[in-house]
Structure formats: structure tokens, C-alpha cells
Amino acid sequence: MVTYIRSNGDHALRSLIDLDKGIVSREIYVNEEIYAQELEHIFRRAWLFVGHESQIPNPGDFVLTRMAEEEVILSRDRKGKVHIFLNSCRHRGMKVCRYDDGNAIVFTCPFHAWTYDTDGRLVGVPHLKDAYFDELDKSEWGLIEVGQLRNFYGSIWATWDKNAPSFEEYLGAFTTPVRWSFKASDGTDNGKELFNPAQRWRLPTNWKFPAFSFAGDSAHAAMTHLSVNAAAIGPQGNVEGGGRHPLRAAFPTKNGYMSSPELGHSGQLSIYLQPGVAEYRETWLLDPGVDDYYREARERKQAKFGDQFLHLEGGQFHIFPNCTMSDWRILPWHPHGVGMTESWRLYQVDKEAPKFVKDAQRHYVMRYCGPTGITESDDMENWNYAHPASLGLTAQQYPYNFQLGAGHNHTDDRVPGIIIGDKGPSEQNQRTRLGRWLQFMEATSWGNIPMPKKGENGHSNGNGTA
Amino acid sequence: MAEQGETPSAANRQRINTPGGMFVRDMPEGTKLRLANNAVVEIVTNAGDGGWVLGRYLEHPTDPDIVGTEDWVFFGDVREEVV
């Protein structure tokens, strides 16, 4: 079957996915050859979340992070410019940096001591004069740098492909929720920082299980998270029966599964039915003083945006291919082999918040998320068992069902470029991601990947609304 | 040679068992070094990795234009400290 796919290219891949019927072959989740093609066709081309400028505030700061399977160095050079380099020496491939984070003057390879400035230039080669006879052109052997890098309100994104569209074109209508994810609680742009270090752990499952499920699969929550909802891990404790999310005041919105089929992004988002911002509701009942901070921030936000419709603000969403986001957490799902996913958790917090507020937020996200949190342990059970149960030859003869809500979507002029599930739950967001997956997989280059015309798909101002 | 964990003093920094070179990792800025080609540099920045220091040329036996410029110096090219 693998040979068949290779020799028949896009026709064979297309035969594995029928989104109109909501039928998807298990093979795309378990096939080694398809996985190899994903690395090349998707992860070498797509814009990927890499990190945040708050992780490298000073010249010489660096942090190791990932772009799919490959480790990269996110660094700030001595002049303050941000770079992303492949963590691999140009001489013989050794990692030039083996600390998770720190501050460096140069990156020196421990193998043969080639050394690179923090701007990536090769600045030192032993025996350059006496044994290379000064014939090695150092300018041609700097660290491998990404094709494009974008600092978007403090968040750092990159693609290896110089021919990829701009980051804002890539996001389309989802420019707005991404921008909001990095605003402070009072609506100030670039108002967040990240807790460090990131949580990192590996899940024995294909990357698409979590990446294509998150913010697209509320149907799982009632059963999967039944116990954690009863455990009352939210900041309000047992008030109103507990729960895992903070309490929020009601505001007239139309909520739903909203996705951009042309670009592959999707989420659980809102259309505002009236301008303005919801009242603040006390929720940090276990941490005295925290509500005072957030209430005052909300009042400033209300003053700023009281006359605006904040469509697509907040919510949880997914940027194709592998980054789930909201305004309090970032969840990159890094592929690490067809049956292994390296999951990262990075959490935003207002950079201007006092320490006790940051501590309360950090404690909340730690009991909610990650390998030691309670909620995502539930999810991991499902993904980690679904993968091996799909490996067998018998299993692979029977496709997955993605029919929930298929054919029942509508559009709304208030959010151009987006389709909305008629009712929740819906698996439209997952179908959207799979559709974009197919487009990337079939294309031979960025020139073959369909893109909406400029000015369409909700990216008229290039920066999102508000 | 310094024992593991010991920081060598200026007086006992010795050549280490490598084709040339000195233990430069902990040398402070301003230290003057004579190189294998007889040039003399002053440490401007020490990378602290034991391999490289950024040096400013104070003397050069064959190329006076290099004096005053900076370049990264590999520890293997350092002959001695100029005290």
C-alpha cells in the first residue's frame, strides 16, 4: 500500500480522505511513509510557533525549542535581533548548544570547536590559517537560519520556507485571535510573558490525534473529563459545583465551532452580539487579592473597547498544523516519529501582574494541564490507546468517522472567511484541519498550496481587529 | 595543571595536554596573550567555553594592519600569557 501511495501521489492520498462523507482512513495516522511526507510537505513549509520574546529578554539570551522533529535555538544576538537557528554545527552536525536556556557570547561546537556568534555567523575555526590555508570562506558556513521569522506581538513564529506567504496572510481571519492571545488582561498589545521553563513530555501517539482534536472535539468532554469536572480544580474551588474553568459573567455572544477551510485554522470562538466587554466576575476565591488585579484590568479593557464588537476575541483555537492556543496557554504538538508526539505547554501571564497573581495563575495551570495536571491526563489516555489500537492490519481496513455535524455549517458576514457549525458539538474543525492537511500533502511547493486572494478571508488590515 | 574544579591562578596557568594552547576559560578581560605566530592580543571578551576568547591585536609580527582589530582566538593558538 505504501508503494501504491508513492507511485500514485496525490490521487492515492486523496483516496484516504473523504471529507464530504466524513470518512478518514486510519492509515494517515499510522503510516511511516505518510509521516515522512508530512515532515517535508507540512512542517518544512508551514508557519510554526517557536517561542516568545519574553524567553530571551537580553542580548545573548537563548532557549532551545523545536520545529517539528528538529531542535532549534531561539536567540537574541548582541545587537538585540531575534534569530532562530538549527541546532547543528555546519562542520559535522553536532549540537552547538546543549543547555535548555541561558546567555551566551558564542555557540561553540564541542566536536571540533567551530564557533558561531549569536547572530549565526561562523566566527572561529581552529587551524583556519595553518591547515585550512585561509581558504575556508566562513561567511558561507554560518548556522542554518529559518526562511522567515515573525515577531507577532511578542510571539515568535517561523517557517523554513522562504516562499511561504507572510505570517498574516497565513493566518487570515485567525490573525485576530492570535493577537488577542498576547494582549494583557486589560487589552494592551504584547502584554504577556511566559512561565519558564516550558513543560515537555512525550505521548506515544501520532501528532494529529491531539493536534487535530484540541479545540475541535467538545464531544469528548462530557465523558472524558467527567471526573475532573467534579474535582473542582478551577480557581473558584467548590463554588457553584466546582468545575475546571474560571467563572465568567454572561455576555451576549454567539459561540461556536468556527473554522477557516481555506487556511486550515479553527477554534471555539465567539461573535459578539453587542459591543463592549463582559463584566468581571469574582473567581479567584482561593487566592485573596487576585480578583482585585483582574477586576481592575477588566475595567481598563472595558474603557478601551466599550464601543467595539470583539468578534473572535478569546476562545480556544488551533493554528495549522500543530499549535493550539488560547489567551492563557500555548500547546505545540511536535511530531517525533509517526507514533510519538512531544507535547509542550507554555503558559501566558500578564507581564505587569504582581508576583502573587502570577503565582496563583501558575498554580492553576499546573493542576489543570500537562503531564501532572488532571485534565490532560484524561485526554492522553484516549490518544495514547487509540494509536496502538489503529496499528493492526484489520484495524486499518476500517476508517475513522468524522461525520459529526458534516454538511451543517453556515457563514456570518461579521466573521468573513469563516464557516460556523450549525450546532455544537461538531467535528467541522477537525475536517477543516484534515482538508488543509491534504492540500499541503498534495502540493509540490508553496506555489501549489491554495491561498485566498489578498483582502479576503478576514485579513483586510493585516493585523487582525482591535 | 589545575585539578578539576580548581580555578588556576595567573601564576600557575600551565599549558595543557593538547597541541599547544593554554587554559583560557577563566582568564579575565584585559589578559594579554602571546600567540603561536608571535602576535600579542588582549582579551576583550571571554566566551567562557574554554575554546575561544575574543582578542584585540596589540602586536603582529608580519601584518601591522591587523593591530587594533579584533578576532576570535582559539585556545590552541595561545602560546603564553604575557605578564
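Residues numbered from 1 in each chain as written. Chains lettered and ligands numbered in written order. Predicted model: local features only at pLDDT ≥ 70, side-chain atom pairs only at ≥ 80, totals over all residues.

Helices and strands together make up the secondary structure of chain B, namely zero helices and five strands. Counting from the amino terminus, helix and strand elements in chain B follow one another as β-β-β-β-β. Looking at chain B as a whole, 24% of its 83 residues are labelled buried. Contacts spanning at least 24 positions in sequence make up 35% of the contacts within chain B whose residues lie at least 6 apart. (Helix = DSSP H or I, 4+ residues; strand = E, 2+ residues; numbered from the N terminus. Buried ≥ 20, exposed ≤ 12 C-beta atoms within 10 Å, placed from the backbone. Contact = placed C-beta atoms within 7 Å.)

Helix and strand content of chain A: 12 helices and 24 strands. A globule of 466 residues ought to have a C-alpha radius of gyration of about 23 Å, and chain A, at 23 Å, matches this closely. C-alpha extents for chain A along the principal axes are approximately 75 × 55 × 45 Å. The buried share of chain A, taken over its 466 residues, is 45%. (Rg over C-alpha atoms; globule rule 2.2 N^0.38 Å.)

Here we come to the sheet that holds strand β2 (residues 23–24) of chain A. Residue and element names in this part refer to chain A. Sheet architecture is open: three strands sit in the order β1-β2-β22, paired in antiparallel fashion. The sheet is open, and its two edges are formed by β1 (17–18) and β22 (400–401), each paired on a single side. Across two bridges, β1 lies against β2 in antiparallel orientation. Across the sheet, residue Ile17 finds its bridge partner in β2, namely Val24. (Pairing = 2+ DSSP bridges.)

In this assembly, eight residues from chain A lie in contact with eight residues from chain B. For the side of chain A that touches chain B, the elements supplying multiple residues, two or more each, are β8 (106–108) and β10 (122–124) of chain A. Here the residues of the side of chain A that touches chain B sort into five nonpolar, three polar and no charged. (Nonpolar A, V, L, I, M, F, W, Y, C, P; charged D, E, K, R; others polar.)

Once that is clear, we can look at the pairing of strand β4 (residues 61–67) of chain A. Walk down a regular strand and you will see the side chains alternate between the two sheet faces. Residue and element names in this part refer to chain A. In terms of burial, β4 is a largely internal element, six of the seven residues being buried. Pairing between β4 and strand β7 (residues 101–103): three bridges, direction antiparallel. Residue pairing for β7: Asp61 is matched across the bridge by Asn103. Between β4 and strand β5 (residues 70–76), which pair antiparallel and follow one another directly, the connecting turn spans two residues, one of which, Ala68, has a positive phi of 60°.

Residues and elements named next belong to chain A. Compared with the 22 Å implied by 1.5 Å per residue over 16 residues, the 23 Å span of helix α9 (residues 290–305) between its first and last C-alpha is a close match. The set of residues buried in α9 consists of Val290, Tyr294, Ala297, Arg298 and Lys301. Looking down the long axis of α9, one finds its buried residues gathered within 105° of arc, a one-sided arrangement. Relative to its buried face, α9 has exposed residues pointing more than 90 degrees away, namely Asp292 and Ala303. (Expected span 1.5 Å × (residues − 1). Arc of directions from axis to C-beta.)

This part is about unusual backbone geometry. All names here are of chain A. In this structure, the amide linkage connecting Phe320 to the following residue, Pro321, adopts the cis form with an omega of 10°. With respect to the helices and strands, Pro321 occurs in the loop between β17 (316–319) and β18 (323–325). The step from Gly424 to Pro425 runs through a cis peptide bond, and the omega angle for that step is 0°. A positive phi angle, close to 60°, is found at Ala68, a residue other than glycine. You can see Ala68 is positioned in the loop between β4 and β5. Of note, Ala113 is a non-glycine position whose phi angle comes to about 75°, a positive value.

This brings us to the domain arrangement of chain A. How big an interface is tends to be reported as the loss of accessible area on association of its parts. Residue and element names in this part refer to chain A. Each assigned domain of chain A is listed here: domain 1 (49–148) and domain 2 (173–448). Computed from C-alpha atoms alone, the centre-to-centre distance between domain 1 and domain 2 is 33 Å. Tallied by class, residues from the side of domain 1 that touches domain 2 come to two nonpolar, three polar and four charged. (Domains from an automatic or database assignment.)

This part is about the environment of Val178(A). Among the secondary structure elements, Val178(A) is positioned in helix α5 (residues 175–181). Separated by 156 residues in the primary sequence, Val178(A) and Gly22(A) have C-alpha atoms spaced 28 Å apart.

Take the confidence of the model for chain B next. Residues and elements named next belong to chain B. In the predicted model, chain B carries a mean pLDDT of 83, and 75% of its residues have values of at least 70. Below a pLDDT of 50 lies the segment residues 1–6, which in the model reaches five contacts outside its immediate sequence neighbourhood of four places, other chains included. Segment residues 8–17 is flagged for pLDDT under 50; beyond a separation of four residues in sequence, or across chains, it makes 15 contacts in the model. Two summary scores accompany this predicted model of the complex, namely pTM at 0.91 and ipTM at 0.77. (pLDDT = per-residue confidence, 0-100.)

This paragraph deals with helix α10 (residues 355–368) of chain A. Residue and element names in this part refer to chain A. An ideal rise of 1.5 Å per residue puts 20 Å on 14 residues; α10 measures up with 20 Å between its terminal C-alpha atoms. Those residues of α10 lying buried are Val357, Ala360, Gln361, Tyr364 and Tyr368. Across the axial projection of α10, the buried residues extend over an arc of 95°, all falling on one side. Along α10, the residues that are exposed and aim more than 90 degrees away from the buried face are Lys355 and Arg362. The elements touched by buried residues of α10 are α9, β21 (348–350) and α11 (375–386).

What follows concerns the nonpolar core. Residues and elements named next belong to chain A. Grouped together as the largest cluster of nonpolar side chains are 117 residues, with contacts concentrated most on Leu48, Val50, Leu74 and Trp157. Domain assignment of the residues forming this core places at least three in each of domain 1 (49–148) and domain 2 (173–448). Here Val50 is in contact with Thr65, Met67, Val72, Leu74, Ile84, Ile156, Trp157 and Ala158, once residues within four sequence places are set aside. (Core = buried A, V, L, I, M, F, W, Y, C linked by C-beta atoms within 7 Å.)

When pLDDT is low, close inspection of the predicted coordinates is not appropriate. Residues and elements named next belong to chain A. Across chain A, the average pLDDT comes to 92, with 95% of residues at 70 or higher. Across residues 1–10, where pLDDT falls below 50, the model places nine contacts with residues more than four positions away in sequence or in other chains. Across residues 460–466, where pLDDT falls below 50, the model places 14 contacts with residues more than four positions away in sequence or in other chains.

Residues and elements named next belong to chain A. Assignment of secondary structure puts Ser155 in strand β12 (residues 155–159). The spatial distance from the C-alpha of Ser155 to the C-alpha of Ser343 is 18 Å, given a sequence separation of 188 residues. Setting aside residues up to four positions removed in sequence, Ser155 forms contacts with Phe49, His52 and Phe182.

Next up on the list: the sheet that holds strand β1 (residues 32–35) of chain B. Residue and element names in this part refer to chain B. What the five strands build is an open sheet, ordered β4-β3-β2-β1-β5; its pairing is antiparallel. Only two strands of the sheet have a single neighbouring strand rather than two, namely β4 (70–74) and β5 (78–81). Within this sheet the neighbouring strands show an average axis-to-axis angle of 45°, counted without direction. Two elements, β1 and strand β2 (residues 40–46), share three bridges in a ladder whose sense is antiparallel. Its bridge partner lying in β2, Lys32 is registered against Glu42. (Axes fitted to C-alpha atoms, helices over the stretch in contact; angles between N-to-C directions.)

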